[in-house]
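# Notes for the structure review
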Amino acid sequence: MSAGEQRAGVDLTNLDQPLTPNAGATKRDLVNYLDAVADRMLPGLVDRPLTVLRVLRGRAPFMQKNVPKYTPDWVRTVSIWAEASHREVHYPLCNDRRTLLWLANQRAVEYHPTLGLADNIYRPTHLVLDLDPPADDDFAAVVKAAYLVRQALSDCGLAGAIKTSGAKGLHVFVPIDDSAPVDDVAAATRALAARAEAIDPSLATTAFIVEDRGGKVFIDSTRAGGATVAAAYSPRLRPGTPVSFPLDWADLDRVSPADFTVHTALAAMSGRKPWMDSMPAPQRLPSDLIERGRTIPVPRVAAMHEGKRRARARRVDQGSTKADEVNG
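Cut-offs applied
- Residues numbered from 1 in each chain as written.
- Predicted model: local features only at pLDDT ≥ 70, side-chain atom pairs only at ≥ 80, totals over all residues.
- Heavy atoms only, no water.
- Axes fitted to C-alpha atoms, helices over the stretch in contact; angles between N-to-C directions.
- Helix = DSSP H or I, 4+ residues; strand = E, 2+ residues; numbered from the N terminus.
- Parallel < 35°, antiparallel > 145°, perpendicular 65-115°, else oblique.
- Left-handed = near helix turned anticlockwise from the far one by under 90°.
- Contact = heavy atoms within 4.5 Å.
- Nonpolar A, V, L, I, M, F, W, Y, C, P; charged D, E, K, R; others polar.
- Buried < 20%, exposed > 50% of the residue type's maximum accessible area, 1.4 Å probe, protein only.
- Pairing = 2+ DSSP bridges.
- UniProt positions renumbered as here; feature names shortened; annotations may be inferred.
- Polar contact = N/O pair within 3.5 Å; in protein donor to acceptor, adjacent residues only side chain to side chain.
- Phe/Tyr/Trp six-rings, centres within 6.5 Å; stacked < 30°, edge-to-face > 60°.
- Lys NZ or Arg CZ within 6 Å of the ring centre and 35° of its normal.

## So, the packing of helix 1 (residues 27-41) against helix 2 (residues 97-105)
- Between helix 1 and helix 2, whose axes approach to 9 Å, the crossing angle comes to 165°. As far as their axial angle goes, helix 2 and helix 1 are roughly antiparallel. Crossing handedness for the pair helix 1 and helix 2: right-handed. Taking contact as the criterion, the partners of K27, L30, V31, L34, D35 and A38 in helix 1 are, on helix 2, R97, L100, L101, A104 and N105.
- Split into classes, the residues belonging to the contact of helix 1 with helix 2 amount to seven nonpolar, one polar and three charged.

## Looking at the pairing of strand 11 (residues 161-164)
- Side chains A161 and K163 of strand 11 all project onto a buried face; the interleaved residues I162 and T164 project onto the opposite face, where all are buried too.
- Here four bridges tie strand 11 to strand 12 (residues 170-175), and the two strands are oriented antiparallel to one another. When the bridges of strand 12 are listed, I162 appears paired with V172.
- In this structure, the hairpin formed by strand 11 and strand 12 is closed by a connection of five residues, where G166 is found at a positive phi of approximately 90°.
- The pairing of strand 11 with strand 15 (residues 246-247) spans two bridges and is antiparallel. Residue pairing across strands places I162 opposite L247, the latter belonging to strand 15.

## A word on the UniProt feature "domain: DNA ligase D polymerase" (unreviewed entry) in the chain
- The sites that UniProt annotates as "domain: DNA ligase D polymerase" (unreviewed entry) are residues 26-270.
- Across residues 26-270 one finds 26% helix and 24% strand; the C-alpha atoms that close the span lie 24 Å apart.

## Some details on the environment of E110
- With respect to the helices, strands and loops of the structure, E110 is situated in strand 7 (residues 108-113).
- Judged by its relative accessible area of 4%, E110 is buried.
- Linking E110 and S79, residues 31 residues apart in sequence, is a C-alpha distance of 21 Å.
- Dropping the residues within four chain positions of it, E110 is found in contact with T51, V52, L53, S234, P235, R236, L237 and R238.
- In this structure the side chain of E110 is engaged in a polar contact, spanning 3.2 Å, whose partner is the side chain of R236.

## Observations regarding the environment of T228
- Tracing the sequence through the fold places T228 in the loop between strand 14 (217-220) and strand 15.
- Classification of T228 as partly exposed rests on a relative accessible area of 26%.
- Distance from T228 to V298, taken between C-alpha atoms, is 17 Å for residues 70 residues apart in sequence.
- Setting aside anything within four residues of it in sequence, one finds T228 in contact with T51, H112, P113, T114 and R223.

## Thoughts on the environment of Q283
- Of note, Q283 is situated in the loop between helix 5 (265-268) and helix 6 (287-294).
- Q283 sits in the buried class, given a relative accessible area of 12%.
- Sequence spacing of Q283 and H86 is 197 residues, and the spatial spacing of their C-alpha atoms is 35 Å.
- The contacts of Q283, once residues within four sequence positions are left out, are G157, L158, A159, V174, P175, I176 and D177.

## What to know about the packing of aromatic side chains
- The full count for this structure, using the stated rule, is four aromatic pairs.
- Of note, R98 hangs over the ring of W74, and the distance from its end group to the ring centre comes to 3.8 Å.
- Geometry around F218 places R213 over its ring, the cationic atom sitting 3.7 Å from the centre.

## Some details on the sheet that holds strand 7
- Overall, antiparallel pairing links the three strands, which are arranged 4-3-7 in an open sheet. Here the strands that pair on one side only, and so sit at the sheet edges, are strand 4 (62-64) and strand 7. Across this sheet, the average inter-strand angle for adjacent strands is 25°, counted without regard to direction.
- In this sheet, strand 7 lies alongside strand 3 (residues 50-54) in antiparallel orientation, the contact comprising five bridges. Among the inter-strand pairings, L53 is bridged to a residue of strand 7, identified as E110.

Okay, here's the thing in structure tokens:
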């Protein structure tokens, strides 16, 4: 094939250029992979405002929410008011293969949809727990923590599906019905994380501040509201271009996130159910779980206050030290 071609009415260009020096993949590899997984990937993207990570030649990678002005009019978009920046953001909706290929040609490597649909991004369709390894990148520890999360879910009469994050951790997705408003979903997420931590506090932690984690696996319970999560099958902009790969719980002890890349993931999908088909049916969150979560401070807010407290303490200590030096 030449360096330029057309698929689904999309002109593809510069296909033989590497994505990055250490990606181990060209733009052609990216396009071919996304085209091959479109049927599996699109159901997790449809009607969800999408943020992409793009990597353009000569520029640092950047997250893009607003579609560029040159976006074709056949790419569906949704306008959402961004309170932080006080403006409307025009998000793409990746609802079909043509749009996915167009984004791939824009060198969009990562795909991060919202947990809510476009008509209400603050109404999550899934509760998500994100498991991050300790500093030594110990995936075996992450696997053990995933089993803690599974036990916590089971204790509450819930079930979830699991996938690699595409980086060094795991994502647990719990499909939920529409009975709980977003604050209740966030509370239940905090409560589940705390339950998992309590099963084995020597292994897992919910400490939001990195230096407080003590080499344990971090169970991140902050993916709620208008949050985004890397889509199943999405490539990640890391050495070797790994992808976020759905797993069976029975797989966890015999895989590594590095096993699944744009070059290897297609073969690994053979015989596996697509991500959306492997999900349990939507579940109602138990009221006692929500109530427990309401008693747990929001991690980001608690971390912000603790950070300010520690900064004040450092200033006081520094002031005391200087006073001692003067008086000495």
